[in-house]
Amino acid sequence: MNAPEKIPSATLSDGVVDWLTNGTRDERFIDNIFAQMCVRLQEAGIPLKRSTLHVRIQHPQWLGARFMWSDGMREAEISRIDFDVQGRSEYIGSPANEMQDGATEVRENLERDPALGRKHALYDEMRQMGLTDYVAWPLYHTLGKRHLVTFATDRPGGFDDAHVIALKKVLPVLALVSEIRIKNRLARTLLETYVGAHAGELILAGATRRGTGTTVRAAIMICDLRDFTKISDNWPRDDVIDLLNDYFDAMSEPIARHGGEILKFIGDGLLAIFPLSRPDACESLLHAVTEAREAMAALNARNSGTGRAPLNYGIGVHVGDVMYGNIGSSSRLDFTVIGPAVNMASRLEALTKQVGRPVLLSRDFAELVQPKFELARVGKYEVRGFSDPIELFAFEG
């Protein structure tokens, strides 16, 4: 590499360090901060052409995320990294692999003969982009957690010593700033995963006091898997877990896709609501039921190849006012819905066994979707906990 240019290192990144420390307090997202940081490093005189930030996250579907910036971009490009990546060629032998194995720096002169350098497709791609130098460092968060940041240039001769010193000065502050944002995103992700997106937003906004809540008019859907006790008694544990996950995927994904919110999984059942603040909430619920029925049919077809019996289910649907908020003990709260409307949906789900129809709707709900959907009148039935018989309708999808 070329000898250092006569530029005092303090003048190259001190302004960026000060901005990261004092100028990013109102910026919520790390990808925006990262892109702005790269542009500011360029403006400070560092010949930056490409940069990436790789972070590991706690998420049910993703191992981590990569933020990529290149010259001319005002926003970073975000890619999710799945759990299986560590067994693939894109990871094996990569800088991320070296960092996870304990390296404290990966530096590659991209101008030299490729036969003399590291062997990985990433380096070949960067050479094709005209880049001349690449450096990667671990980004240390608390409790020994290591992430990764990389910088590359197309400057002839690559980064000089002053550039490298300046980039290294940024790392400790970038680590602090990124950790705060990643933890904030992690908190949001975990809440969305365990209590749902809307409830998560309310909790983050401060709705954490026991007994607080609001009245919501909603369509309520309760679903339960049939014969689960017999399945769990006779099947191996891991098979039971796989079965439940497949079943919940088949039921849950259509609910989320059509604007419903799953509030909880209860053993082999789930509780979901479709708030009537959306004019099409009831129609959306039935569209979700139709797609869930199709997904369950496909799941049963796959399972039949392994000799498993088909899975059956019951769904009860009602509409009404529910109390939506914090319920529980002084030290353990649940964000859920309660009220007679929830009880009614639960009773209708139980009646699907007696009536022999997998989806039962109350008359109150049916009146909101007829004549858009074809429903079959089942008759009036006594419902435990309610004084008058309830007229029921079946939905065949």
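Residues numbered from 1 in each chain as written. Predicted model: local features only at pLDDT ≥ 70, side-chain atom pairs only at ≥ 80, totals over all residues. Heavy atoms only, no water.

## Regarding the overall build of the chain
Under the convention used in this document: Only DSSP runs of H or I covering at least 4 residues are called helices, and only runs of E covering at least 2 are called strands; the numbering of each starts at the N terminus. Burial status follows relative accessibility: with a 1.4 Å probe on protein chains alone, a residue under 20% of its type maximum counts as buried, one over 50% as exposed, and anything between as partly exposed. By the convention used here, residues are in contact when the closest approach between their heavy atoms is within 4.5 Å. Accessible surface area values rest on a Shrake-Rupley calculation with a 1.4 Å probe, where residue burial reflects the displayed protein chains alone.
Broken down by element type, the chain carries 11 helices and 14 strands. The 397 residues of the chain split such that 46% are buried. Partitioning the contacts of the chain with sequence separation of at least 6, the portion at a separation of at least 24 is 62%. When the accessible area of the chain is evaluated, it comes to approximately 20,100 Å², of which 51% is carbon and sulfur surface.

## Let's talk about the pairing of strand E7 (residues 213–225)
The criterion, for reference: A pair of strands is treated as paired once DSSP finds two or more bridges between them.
In this sheet, strand E10 (residues 313–328) lies alongside E7 in antiparallel orientation, the contact comprising 13 bridges. For Gly-213, the partnering residue across the bridge sits in E10 and is Gly-325. When E7 meets strand E9 (residues 269–275), the two strands line up antiparallel, connected through 7 bridges. Within E9, the position partnered with Met-221 by the bridge is Ala-272.

## Re the layout of surface pockets
To be explicit about the condition: For cavity detection a 1 Å grid was placed over the protein atoms alone, and a set of points counts as a cavity when a 1.4 Å probe fits there but cannot get out; an open set counts as a pocket when protein lies on both sides within 12 Å along at least five of seven lines, with lining residues being those that have an atom within 4 Å of a point. Grid points are joined across faces, edges and corners, and a volume is the space filled by probe spheres set on the points. By the convention adopted, Pro, Cys, Tyr, Trp, Phe, Met, Ile, Leu, Val and Ala count as nonpolar, Lys, Arg, Asp and Glu as charged, and the other residues, Gly among them, as polar.
In this model, the second largest pocket occupies a volume close to 680 Å³. If you trace the second largest pocket, you find 30 residues lining it, with His-54, Arg-66, Glu-90, Ser-94 and Ala-96 closest to the centre. Ranked by residue count, the leading element in the lining of the second largest pocket is strand E1 (residues 50–56), at 5 residues. Its residues placed into classes, the lining of the second largest pocket shows 15 nonpolar, 9 polar and 6 charged.

## Remarks on the nonpolar core
We apply this condition: The criterion is simple. A nonpolar core is a set of buried Ala, Val, Leu, Ile, Met, Phe, Trp, Tyr and Cys residues joined through side-chain atoms within 4.5 Å.
Residues Met-251, Leu-285, Ile-315, Leu-361 and Phe-365 are the most contacted members of the largest nonpolar core, which totals 41 residues. Here the element with the most residues in this core is helix H9 (residues 281–304); it accounts for 9 residues. Apart from residues no more than four positions distant in its own chain, Phe-365 is found in contact with Ala-219, Cys-282, Leu-285, Leu-286, Val-317, His-318 and Val-319. Counting residues in each nonpolar core, the second largest holds 38 residues, with Val-17, Ile-46, Phe-67 and Leu-139 among its members.

It is worth stressing that arrangement in space is one thing and function is another; only the former is reported here.
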